[in-house]
Amino acid sequence: MARKDRRRFLTGVLATGAATAVAPAVKAQEKETERAPTALPPTTQVAALETENPGEMAENRIKGTAGSDFMVDVIKTLNIKYCPANCASSYRGIHESLINYGGNKMPEFLTCMHEESAVAMGHGYFKVAGKPLMTLCHGTVGLQHATMGIYNAWCDRVPVIVIGGNDLDAAHRPPGVPTFHSAQDIGAMVRDYTKWDDTPISLQHFAQSMVRAYKIAMTPPYGPVLISLDAGLQQEVIKEHGSEKLYIPKYVPTSPPQGDSGAVKEAARMLAAADNPVIVADRAARTPNGIKLLVQLAELLQARVIDQGSRVNFPKTHYLSTGPAAVSGADVIIGLELSDFWNTVNNWTDNGENGVGENSSRIKPGTKLISISASELLTKSNFQDFQRFQAVDISMVGDAEATLPALIEAVRSAIPNSRKDAIAQRGQAARKAFADQEARAKQAATLGWDASPISTARLVMETYNAVKGLDWSIVSQSGNTSNWQNRLWPLTEHHHWIGRSGGFGVGYGAPASVGAALANKDAGRISVNIQADGDLMYAPGVLWTAAKHKIPQLAVMHNNRGYHQEVMHVQRMASFRNRKSNYGGDMGPVGTRIENPDIEYHKLAESMGWWAKGPIKDPAQLAPALREAVKVVQSGTPALLNVWTQPR
Amino acid sequence: METTLRYLLLLAAAVLISFTSRPAAAADAVKGKIAFEKNGCWQCHGYEGQGGAAGKTLAPKPMAYEAFNVFVRNSNTQMPPYPKQILSDADLADIHAYLSSIPAPKDYKTIPLLNQ
């Protein structure tokens, strides 16, 4: 860069910084005096560079400031706390800037052993903290690893900012491996399941893309975004963008979309007039406030609530909390951010004629259906996460949580005095039904209580007993324990349960639990992970990441020694075809069991820096082991118990 | 619909028979436990027949043998049917004997972990 240009650039950045988001970055830099910022008054060394012989005074070989330093300044304005990532040469420029120029803070680089784990960590973290993380990866092979994690985040409406390194300039990039790791358009790999992607070709373009990416990811419906980051751009020296000065756009959050006011009033009238309205919520509570709003709506109507569990939407201890069968008696059903409305009101049985599934309705004819969901704003064509089409009577495209205040007010206005006694009586009936439902669940938990392998109900309740006095958070997705934690633990707070993966891609559980545990660590909570065995083995290296970065959690293995979903699928096919299933010497169909040899998960975890114990097969041994493990976790070390369990 | 009707008729017949006949006299609970595991019943219903998200509760007090037999052979619910070619009558009777031998669980009120 010419001397004259450099002087103009520095002056320009200072002038622009006064009016843009550069200012907070500068403030942050004041606290970290050890690094050289891009947008401060010239230091003695820089001033010397401006006036002295460059050949004599240049301190670095690039003869200026790296473009990736400016990128770090941009990232710092977004307050992203962590960057879980697996290292890769295509992002070496920004990697070096993050840890040296950026001081490895905001974001802090977390060493991951698989890109899919890094994305899933961001996924789990968001579900507890409500803030997105960024991850870096090779734009080709690394992004290929990351794709399933991105798909899960897409289906689960979770923002993750993925930056893929890519060397675009074929004439200058290194030959051989780095060229294998380059592509024209890395976004093509994930465009079907990201909200937005971009390939900035200048530093100013990067600043705009990064802030835009964050803004799009964080506007409901949330979702993952991708930036393809050119290796050359990271490594080039900062220069002017034409006649413009480099600046960092200010991030201003976008208000979430709300349902149309006319449709809200119509829905309120329908709900107020209903004899048996039922509320179904899946991702309705984006934040803790969403739970409070849903309680208000439910109590106003004395309507029972089915929480489908992609988030904690409604307190499990509330007398209006009920199970999925409640739709059968409803005359009005309102679905809030449902991922699958069709399957909420219909049933599909995998056992029809010719081995093909059969459809049936779960609801009475004439039942009115209302939907509030922002997902329609995010529908693409290829991947089928939008599920089967369900016709409804009122369809609102908008964010449910943002629409609830208006709906609550509209319902309050729509309820005539003449209906109030009937609504109160509905509440009394719900209290009795809730008490009965709770007693039934507890009695069902007693079945196989003393069995070995240990029943999933026993596993879950022994674990609860070990943490019940603490501020706990369930950081596992597993419904493979027959959902006992959702049925018997008092889930009342948003952080009590992180929900499921979204796309049901196996391998999400372990890394998402580590990401969620990281957020809980910052909040001073204990994280509990009921860890499925098959899920852990997709990328067990995340155990090392947890130990390396001192992210404690209590992991209790649900070690049923098989891929149980698939065990049953193959068994079903064999039965349809009148064939005895080939077990190959195992306990289930060939290809579905994880036994002979048994995996010693406690040794695996121990080898990566965890405290671990097992295998535990006798239920009587579980409580003392859990007590010991909880103490370890409270001391800051992750702990794992390898427990042999019943299948579900 | 046709399948459902067929199933209901079979079930009705089985219920009628269950009042007039007994489970296979030679049924053996010990052999039944082995058959229960060998034929993969435990995969959905658990080793104790306790059931869960994947399968119904089978024990204690399984349905009468004849109804059980009809259901297993003709199920049109989520459970696939098990024809005789892959699960013999003898094995099925033993499985029923095993499920019948499983004692009733405790009352949940007597288990401290379920009362907290």
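From a predicted model like this one, the values you see are computed outputs, not experimental measurements.

About the cut-offs
- Residues numbered from 1 in each chain as written.
- Chains lettered and ligands numbered in written order.
- Predicted model: local features only at pLDDT ≥ 70, side-chain atom pairs only at ≥ 80, totals over all residues.
- Helix = DSSP H or I, 4+ residues; strand = E, 2+ residues; numbered from the N terminus.
- Rg over C-alpha atoms; globule rule 2.2 N^0.38 Å.
- Contact = placed C-beta atoms within 7 Å.
- Buried ≥ 20, exposed ≤ 12 C-beta atoms within 10 Å, placed from the backbone.
- Core = buried A, V, L, I, M, F, W, Y, C linked by C-beta atoms within 7 Å.
- Nonpolar A, V, L, I, M, F, W, Y, C, P; charged D, E, K, R; others polar.
- pLDDT = per-residue confidence, 0-100.
- Domains from an automatic or database assignment.
- Pairing = 2+ DSSP bridges.
- Axes fitted to C-alpha atoms, helices over the stretch in contact; angles between N-to-C directions.
- Expected span 1.5 Å × (residues − 1).
- Parallel < 35°, antiparallel > 145°, perpendicular 65-115°, else oblique.
- Left-handed = near helix turned anticlockwise from the far one by under 90°.
- Arc of directions from axis to C-beta.
- Right-handed = clockwise from strand over helix to strand, strands pointing away.

**Student:** Explain the overall build of chain A here, please?
**Tutor:** In terms of helices and strands, chain A carries 24 helices and 19 strands. For chain A, the C-alpha radius of gyration of 27 Å lies close to 26 Å, the compact-globule estimate for 648 residues. Considering only C-alpha atoms, chain A reaches an extent of 85 × 65 × 50 Å along its principal axes. Within chain A, counting contacts between residues at least 6 apart in sequence, those at least 24 apart form 79% of the total.

**Student:** What exactly am I supposed to notice about the overall build of chain B here?
**Tutor:** Counting secondary structure elements, chain B contains 5 helices and 0 strands. Each of the 116 residues in chain B was classed as buried or not, and the buried ones make up 37%.

**Student:** Which parts of the structure should I look at to understand the nonpolar core?
**Tutor:** The nonpolar side chains of a soluble globular protein tend to be buried with one another. Within the largest apolar cluster, 169 residues are counted, with the highest numbers of intra-cluster contacts made by Ile150, Val162, Leu271, Ile279 and Leu294 of chain A. With 9 residues, the single largest contributor to this core is helix H10 (residues 203-217) of chain A. Dropping the residues within four chain positions of it, Ile150 of chain A is found in contact with Val119, Val160, Val162, Val190, Tyr193, Thr194 and Pro224 of chain A. If you look at the next biggest cluster of nonpolar residues, it comprises 20 residues, including Phe36, Ala59, Phe71 and Leu87 of chain B.

**Student:** Can you help me understand the interface of chain A and chain B in this one?
**Tutor:** Interfaces are often sized by the accessible area lost when the parts come together. Every contact between the two is made by 39 residues of chain A and, on the other side, 32 residues of chain B. When contributions to the side of chain A that touches chain B are tallied by element, the ones reaching two or more residues are helix H16 (420-445), helix H17 (456-467) and helix H22 (564-576) of chain A. Examining the composition of the side of chain A that touches chain B, we find that 7 residues originate from one element, H22 of chain A, more than from any other. The class makeup of the residues in the side of chain A that touches chain B is 11 nonpolar, 19 polar and 9 charged.

**Student:** What exactly am I supposed to notice about the confidence of the model for chain B here?
**Tutor:** Atom-level detail of predicted coordinates should not be read off regions where pLDDT is low. All names here are of chain B. Summarising the model, chain B shows a mean pLDDT of 85, and 78% of its residues fall at 70 or more. Mean pLDDT across the elements of chain B bottoms out in helix H1 (residues 2-18) (50) and peaks in helix H5 (residues 89-101) (98). Counted against residues more than four places away or in other chains, residues 14-22, with its pLDDT under 50, gives 10 contacts. Two numbers describe this predicted complex: its pTM, 0.90, and its ipTM, 0.85.

**Student:** Looking at this model, I keep getting lost on the domain arrangement of chain A. Mind explaining?
**Tutor:** Segmenting chain A into domains produces domain 1 (3-235), domain 2 (261-427) and domain 3 (446-561 + 598-643). The class makeup of the residues in the side of domain 1 of chain A that touches domain 2 of chain A is 4 nonpolar, 2 polar and 4 charged.

**Student:** Looking at this structure, I do not really get the sheet that holds strand E10 (residues 332-336) of chain A. What am I missing?
**Tutor:** All names here are of chain A. An order of E9-E8-E7-E10-E13-E14 is seen for the 6 strands of this open sheet, with the pairing classed as parallel. Only two strands of the sheet have a single neighbouring strand rather than two, namely strand E9 (321-322) and strand E14 (394-397). Judged from the 5 bridges that link them, strand E7 (residues 277-281) and E10 form a sheet pairing that is parallel. Note that in E10 the partner of Val278 across the bridge is Ile333. In this fold helix H13 (residues 288-301) packs onto E7 and strand E8 (304-307), with an angle of close to 165 degrees to the strand it touches most, E7.

**Student:** What is the right way to look at H16 of chain A in this model?
**Tutor:** Structural remark: α-helix, 3.6 residues per turn; residues separated by three or four positions point the same way. All names here are of chain A. The end-to-end C-alpha distance of H16, which contains 26 residues, comes to 38 Å, matching closely the 38 Å that a straight helix rising 1.5 Å per residue would cover. Buried within H16 we find Ala430, Lys442 and Ala445. In this structure, the buried residues of H16 make contact with E8, H17 and helix H18 (484-488).

**Student:** Help me out: how do you make sense of the sheet that holds strand E3 (residues 134-138) of chain A in this one?
**Tutor:** Each strand in a sheet pairs with its neighbour through backbone hydrogen bonds, running either in the same direction (parallel) or in the opposite one (antiparallel). Residue and element names in this part refer to chain A. Spatially, the 4 strands line up as an open sheet ordered E3-E4-E6-E5, and their pairing is parallel. Each of the sheet's edge strands pairs with one partner strand only, and the pair in question is E3 and strand E5 (196-198). Within the sheet, the average angular offset between the axes of one strand and its neighbour, ignoring direction, is 20 degrees. Two strands pair when backbone bridges link them, and E3 and strand E4 (residues 161-166) are joined in this way by 5 bridges, in the parallel orientation. For His138, the partnering residue across the bridge sits in E4 and is Gly165.

**Student:** Could you clarify how one ought to interpret the confidence of the model for chain A in this entry?
**Tutor:** Looking at chain A, the pLDDT average stands at 92 and 90% of residues meet or exceed 70. Taken together, the stretch residues 1-34 of chain A has pLDDT below 50 and engages in 56 contacts with residues farther than four places along the chain or on a different chain.

**Student:** I tried to follow unusual backbone geometry on my own but got confused; where do I start?
**Tutor:** Most peptide bonds take the trans form, and the phi angle of most residues other than glycine is negative. Of the consecutive residues Asn596 of chain A and Pro597 of chain A, the connecting peptide bond is found in the cis state with omega at 10 degrees. If you trace the backbone, Pro597 of chain A turns up in the loop between H22 and helix H23 (601-607). Of note, the amide linkage connecting Ala59 of chain B to Pro60 of chain B takes the cis form, showing an omega dihedral of 0 degrees. Structurally, Pro60 of chain B can be placed in the loop between helix H3 (42-45) and helix H4 (65-74). The residue Glu337 of chain A is not glycine, and still its phi comes out positive at about 50 degrees. Mapping Glu337 of chain A onto the fold places it in the loop between E10 and helix H14 (341-345). A tally of 27 C-beta atoms within 10 Å means that Glu337 of chain A is categorised as buried. Located in the positive-phi region is Arg561 of chain A, a residue other than glycine, with phi close to 60 degrees. Following the sequence through the fold, Arg561 of chain A ends up in the loop between strand E17 (554-558) and H22.

**Student:** I would appreciate a short explanation of the environment of Gln116 of chain B in the present structure.
**Tutor:** Inspection of the secondary structure puts Gln116 of chain B in the segment after H5. On a C-alpha basis, the gap between Gln116 of chain B and Gln85 of chain B in space is 48 Å, while along the polypeptide they are 31 residues apart. Residues within four places of Gln116 of chain B in sequence aside, it is in contact with Asn465 and Lys468 of chain A.

**Student:** How should I be thinking about the packing of helix H7 (residues 115-129) of chain A against helix H19 (residues 509-523) of chain A in this particular structure?
**Tutor:** Residue and element names in this part refer to chain A. Two elements in contact, H7 and H19, have axes separated by 6 Å at closest approach and are oriented at 40 degrees. Classed by the angle they form, the pair H7 and H19 counts as oblique. Crossing geometry of H7 relative to H19 is assigned as right-handed. Contacts between H7 and H19 involve Ser117, Ala120, Met121, Gly122, His123, Gly124, Tyr125, Lys127, Val128 and Ala129 on the former and, on the latter, Pro511, Ala512, Ser513, Val514, Gly515, Ala516, Leu518, Ala519 and Asn520. Grouping the amino acids of the contact of H7 with H19 by side-chain chemistry returns 11 nonpolar, 7 polar and 1 charged.

**Student:** Looking at this structure, I do not really get helix H2 (residues 29-38) of chain B. What am I missing?
**Tutor:** Residues and elements named next belong to chain B. Considered for burial, the residues of H2 that qualify are Gly32, Lys33, Ala35 and Phe36. For H2, the arc enclosing every buried residue in end-on projection is 165 degrees, short of the 170-degree limit, so these residues lie on one face. Elements in contact with the buried residues of H2: H3 and H5. Residue Gly40 follows H2 closely and has a positive phi angle near 80 degrees.

**Student:** In this structure, what is going on with the environment of Asp197 of chain A? I would like to understand it.
**Tutor:** Residues and elements named next belong to chain A. Turning to its location among the elements, Asp197 is positioned in strand E5. The exposure class assigned to Asp197 is buried, which follows from the 22 C-beta atoms found within 10 Å. Spatially, the C-alpha atoms of Asp197 and Arg212 are 9.8 Å apart, while their sequence positions differ by 15 residues. Among all residues touching Asp197, those that are not within four sequence positions of it are Gly187, Arg191, Val225, Leu226, Ile227 and Ser228.

**Student:** Explanation requested: the pairing of strand E19 (residues 639-643) of chain A in the structure shown.
**Tutor:** On a regular strand, one side chain projects to one face of the sheet and the next to the other, so that they alternate. All names here are of chain A. Among the 5 residues that make up E19, 5 are buried, leaving the element largely enclosed by the rest of the structure. Judged by which residues are buried, E19 turns out to be covered on both faces: Ala639, Leu641 and Val643 on one side and Leu640 and Asn642 on the other are all buried. Bridge analysis of E17 against E19 gives 3 bridges, and the strand direction is parallel. Within E19, the position partnered with Val556 by the bridge is Leu641. The pairing of strand E18 (residues 611-616) with E19 spans 4 bridges and is classified as parallel. Within E19, the residue paired with Lys613 across the bridge is Leu641. Handedness of the crossover joining E18 and E19 through helix H24 (residues 622-634): right-handed.

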